[in-house]
Amino acid sequence: MPPGIPLAPPQASTFAPGVDHLFLFLLGVTGSVAILVFVLIFIFAVKYRRRSPDEVPPRVHETMFLEVAWIGIPFLLMLVMFGWGAEIYYEEFHPPPGSLEIFVVGKQWMWKLQHPEGKREIDELHVPVGRPVKLTMTSEDVIHDFFIPAFRIKKDVLPGRYSSLWFEATKTGTYHFFCSQYCGTNHSEMKGWVVVMNPAEYQQWLSGGAGGETMEQAGARLFQKLACTNCHRSDNSGRAPTLVGVYGRPVKLVDGSTVMADDAYIRESILRPAARVAAGYQPIMPTFQGQVNEESILQLIAYIKSLKIPESPERMKAAP
Amino acid sequence: MSTLSVEEPEQAESRVHYLNVHYGVKSWLLTTDHKRIALLYLASITLFFLVGGSAAVLIRMNLLTPTGLLVEPATYNKLFSIHGIVMVFFFLIPSIPAVLGNFLVPLMIGARDLAFPKLNLLSWYVYIVGGLFTLYAVIAGGVDTGWTFYAPYSSTYSNTHVMAAALGVFITGFSSILTGLNFIVTIHKMRAPGMTWFRLPLFIWAMYATSVIFILGTPVIGITILLIALERAAHLGIFNPALGGDPLLFQHLFWFYSHPAVYIMILPAMGVESELITCFSKKRIFGYSFVAMSSLAIALLGFLVWAHHMFVAGVSMYAGMVFSILSYLVAVPSSVKVFNWTATLYKGSISYEAPMLYGMGFIGLFSMGGVTGMFLASLGMDVHVHDTYFVIAHFHYIMVGGAVMAYLGGIHFWWPKISGRMYPEGWARFSALIIFLGFNLTFFPQYILGYLGMPRRYPVYPPEFQVLNVMSTAGASILGVGYLIPLIYLIWSMRYGPVASSNPWGAKGLEWQAPSPPPTDNFEETPVVTAQAYDYPSREVEVA
Ligand SMILES: [Cu+2]
Ligand SMILES: [Cu+2]
């Protein structure tokens, strides 16, 4: 290698060292087997080269033992490769509880990000070091993919559903992120920087600028503006179920099944209310498709999520 | 080195064979001779190889600078799309089956033609019609979906010639199905007396396994493309969530065909490899039944691993794990083949004519591709390198390093049979070497680029990736020259090459019993098979 070419991106997340170890393991095992085969071929090629045109090679007896060995041993090694890879994959699917949640919306050809505290950014992602961060991501058009090489993670970002990705940055600095699912003309411009900061600096960054409204507050405002309150009352007196305490709870549907009221369900209720109707209610909720974009939906979800069942009766009046 | 026995030239000139039995364009366009149809395919896939190759040249040139040297991103996207579509559907998939398979299947099993000669000609016409649709898409302004046609980009957002290109792929699919059907029936029904299943050359086993995939897999891609067309034209919500569809459904359907399609490209190459290794080491293949059965195992297991292309696409964690382990399972039969080829060389009598050099190159490059497949099947690893240049390098090692190397090895090996002439040996060895070196210089840096995080399909990239990209482009220019040399000397040799004997390599196999080039009916008398395949003479050595 010419000097100056790095062989791996910086290691800047808790996943990175593990993935690099796995890489070295894979390289070591498969490399040794490949080199063994190449060396054997080389030796045979030299040693058994044809010396005269009418040479007759000796008969070689096949042994079952060899066949079984070179089926069995590689497969056992592969099981280790599988297990190790699966372990990392498992962790990548399980963000620690209490992760900082950040919301990502991809569209041709930019990334829009919002922090729960209300800060928004485009093609940049500021995160604190040493704290698990969970990205909840969706797309407004085609499939994109959020890829941070220095963290060794990526995940497709699809229209019509939420996908999530989590990481914990271990080193402050600025790292590339890329869209790595081909999405049309300016696919290669759909990239940006992750800025990993000290927690204190991050707090300062969060409160700086013209922020103001948190996602929850923005959601509350939308909830009023779109007249959701006409039907959804906090005291369950409207024509619709109360949304207080619904988030994260199972909901009974008219067809008798139950569904977990998570981000995806709430998103669906707003865009396609007739798809799954809560038991005991008429399907009168209109669709808000076209009136709300993906970012507003995320704000509405943030608001609905904040509607906890109040502990004391007097707080009941304050809730919508 | 073996010497080439050369037939008396006058004798060959005067003899009637499939090439000189009729003259004129019409005699070619209406032929039902499997050997002539093979040549029709040879000419047409070479043409498509040049189209796909030119696109590759432009792609690599454009990547010389981080901001794109030649073209706008929109044009670049069309270049890689056409490169992929043409190379996969119009070159690699038909390459070995439609050219070498067509030529050799009847000859190797001692038959006079395929079971359905007219259907065989129809396959070629269907292929050409599909090809014309795709070429039309290119000339009319191009298509920018990539060869993967991912929805909803292809079905809703792209405003390029998706329909024409997709129809082209849809139509050629029928050509694959017909060829597969023809091969299967032929291999079942038309084997010469004594040619039992376990006496078949391994190339035939490979063709058989490939045909199974043609028949089972190709309809699925056809249906998938029709669904894309329906969504695009009639706005039926199938894949686009905005219309109520599911974009992952597209990927499942697409890869259900396109992963097995990888084996359509590599199984025939493995078949060729078994012929080359045995002939040039004068040995029976080590572990015949393991090599034969591994082809079938690959064909069947190959249908169970498609979602390894979707580990980060949004499938569930458990789906990821199931498909990861199944992907390792399908790697076993492939590695079995490599080990058996290596063992075949042991105590052989090995000579290094050009086909063998290509064959050795195949093992090297295919192994490198296979080994990096182990990385991609490992979930935690794939999450990092998926959709980066690592994947590009991986499948080019398999499909270009592997399949094209074997294709060229096969073309050289059977060239005397096909053309009745020898190719120039020195040039052929030289080009094998150039291709091997150029290939590695082109694609090895891409593994590193991928690990560093350079995504695929990027005309514009961060400047720190430039050095490796320049190395890759330098390699590609060497590789390009390497491919042009055989094109020139093979055409030259059709007229000026030394006349070939019926069996210049001293190979076993019925095709070498027929004259070079064979007469229209292949064999004057139906051959009778009394021995196993690769029945090279061997010394009995006392073993304790
Ligand atoms: Cu994108
Ligand atoms: Cu695959």
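Residues numbered from 1 in each chain as written. Chains lettered and ligands numbered in written order. Predicted model: local features only at pLDDT ≥ 70, side-chain atom pairs only at ≥ 80, totals over all residues. Heavy atoms only, no water.

### With respect to the overall build of chain B
Point 1. Helix and strand counts for chain B come out as 16 helices and zero strands.
Point 2. For 544 residues, the compact-globule formula gives about 24 Å, and the C-alpha radius of gyration of chain B, at 23 Å, lands near that figure.
Point 3. Expressed as lengths along the three principal axes of its C-alpha atoms, the size of chain B is roughly 70 × 60 × 40 Å.
Point 4. Looking at chain B residue by residue over its 544 residues, the buried ones come to 66%.
Point 5. Residue pairs at least 24 apart in sequence account for 83% of intrachain contacts in chain B once pairs closer than 6 positions are excluded.
Point 6. Summed over all atoms, the accessible surface of chain B reaches about 17600 Å², with 71% contributed by carbon and sulfur. (Helix = DSSP H or I, 4+ residues; strand = E, 2+ residues; numbered from the N terminus. Rg over C-alpha atoms; globule rule 2.2 N^0.38 Å. Buried < 20%, exposed > 50% of the residue type's maximum accessible area, 1.4 Å probe, protein only. Contact = heavy atoms within 4.5 Å. Areas by Shrake-Rupley, 256 points an atom, 1.4 Å probe, with all protein chains shown as cover.)

### Things to note about the coordination of the copper ion (ligand 1)
Point 1. The protein atoms donating to the copper ion (ligand 1) are His144 of chain A (ND1), Cys179 of chain A (SG), Cys183 of chain A (SG) and Met190 of chain A (SD), with metal-donor distances spanning 2.1 to 2.5 Å.
Point 2. With four donor atoms in place around the copper ion (ligand 1) and angles of 87 to 125° between them, the coordination shape is tetrahedral. (Donors = N, O, S within 2.8 Å, 3.2 Å for Na, K, Ca; no water. Tetrahedral: all angles 85-135°; square planar, octahedral: opposite > 155°, others 65-115°.)

### Here's the deal with the coordination of the copper ion (ligand 2)
All names here are of chain B.
Point 1. Ligation of the copper ion (ligand 2) by protein atoms is provided by His259 (ND1), His308 (NE2) and His309 (NE2), these donors lying 1.7 to 2.0 Å from the ion.
Point 2. Mapped onto the sequence, the donors of the copper ion (ligand 2) take the spacing H-x48-H-H.
Point 3. Of the residues examined, histidine 308 reaches a relative accessible area of 16% and is grouped as buried.

### Re the confidence of the model for chain A
Low pLDDT marks stretches whose predicted atomic positions should not be read closely.
Residues and elements named next belong to chain A.
Point 1. Taken residue by residue, chain A gives an average pLDDT of 89. The fraction at 70 or more is 94%.
Point 2. The element-level mean pLDDT for chain A is lowest in helix H7 (residues 313–318), coming to 44, with strand S6 (residues 144–148) highest at 97.
Point 3. Low pLDDT, under 50, characterises residues 313–320; the predicted model gives this stretch nine contacts beyond four residues in sequence or across chains. (pLDDT = per-residue confidence, 0-100.)

### Things to note about the pattern of salt bridges
Point 1. Scanning the entire structure with this criterion turns up 13 salt bridges over all chains.
Point 2. Note that lysine 305 of chain A is salt-bridged to glutamate 101 of chain A, the shortest N-O span being 2.9 Å. Taken together, the residues lysine 305 of chain A in helix H6 (residues 294–306) and glutamate 101 of chain A in strand S1 (residues 100–107) connect sequence positions 204 residues apart.
Point 3. Between aspartate 33 of chain B and lysine 35 of chain B there is a salt bridge, with the nearest N and O atoms lying 3.1 Å from each other. As far as burial versus exposure is concerned, aspartate 33 of chain B and lysine 35 of chain B are alike and both buried.
Point 4. Members of the salt-bridge network, linked through shared partners, are Lys112, Arg120, Glu140 and Glu295 of chain A. (Salt bridge = Lys/Arg side-chain N within 4 Å of Asp/Glu carboxyl O.)

### Quick look at the sheet that holds strand S10 (residues 191–197) of chain A
Picture the strands of a sheet paired through backbone hydrogen bonds; they go either parallel or antiparallel.
Residue and element names in this part refer to chain A.
Point 1. Ordered by their spatial adjacency, five strands build an open sheet running S4-S10-S9-S6-S7, and the pairing between neighbours is mixed. What marks the edges here is a single partner per strand, and that holds for strand S4 (124–128) and strand S7 (153–157). The mean angle between the axes of side-by-side strands here comes to 20°, regardless of whether they run parallel or antiparallel.
Point 2. Note: S6 against strand S9 (residues 173–179), two bridges, orientation antiparallel. Along S9, the bridge assignment pairs phenylalanine 147 with phenylalanine 178.
Point 3. The sheet contacts of helix H3 (residues 199–207) involve S4 and S10, and relative to S4 the element is tilted by about 130°. (Pairing = 2+ DSSP bridges. Axes fitted to C-alpha atoms, helices over the stretch in contact; angles between N-to-C directions.)

### Overview of the interface of chain B and chain A
Point 1. With 101 residues of chain B at the contact, the number on the chain A side is 87 residues.
Point 2. For the pair chain B and chain A, the summed buried surface comes to about 8100 Å²; carbon and sulfur atoms form 69% of the total.
Point 3. The largest share of the area that chain B buries against chain A comes from Phe286, Phe339 and Tyr451 of chain B, three residues that together contribute 8% of it.
Point 4. Linking chain B to chain A there are one salt bridge.
Point 5. Linking arginine 161 of chain A and aspartate 246 of chain B is a salt bridge whose minimum nitrogen-to-oxygen distance equals 3.1 Å. (Buried area = accessible area lost by both parts, 1.4 Å probe.)

### Looking at unusual backbone geometry
Point 1. For the bond from glutamine 108 of chain A to tryptophan 109 of chain A, the omega torsion is -10°, close enough to zero to count as cis.
Point 2. Within the secondary structure, tryptophan 109 of chain A is located in the loop between S1 and strand S2 (110–114).
Point 3. Cis geometry is found at the peptide bond from alanine 151 of chain B to proline 152 of chain B, where omega equals 0°.
Point 4. Looking at the element boundaries, proline 152 of chain B is found in the loop between helix H5 (117–139) and helix H6 (153–157).
Point 5. Of note, the phi angle at histidine 235 of chain B is positive, near 55°, even though the residue is not glycine.
Point 6. Within the element layout of this structure, histidine 235 of chain B appears in the loop between helix H8 (202–234) and helix H9 (247–281).

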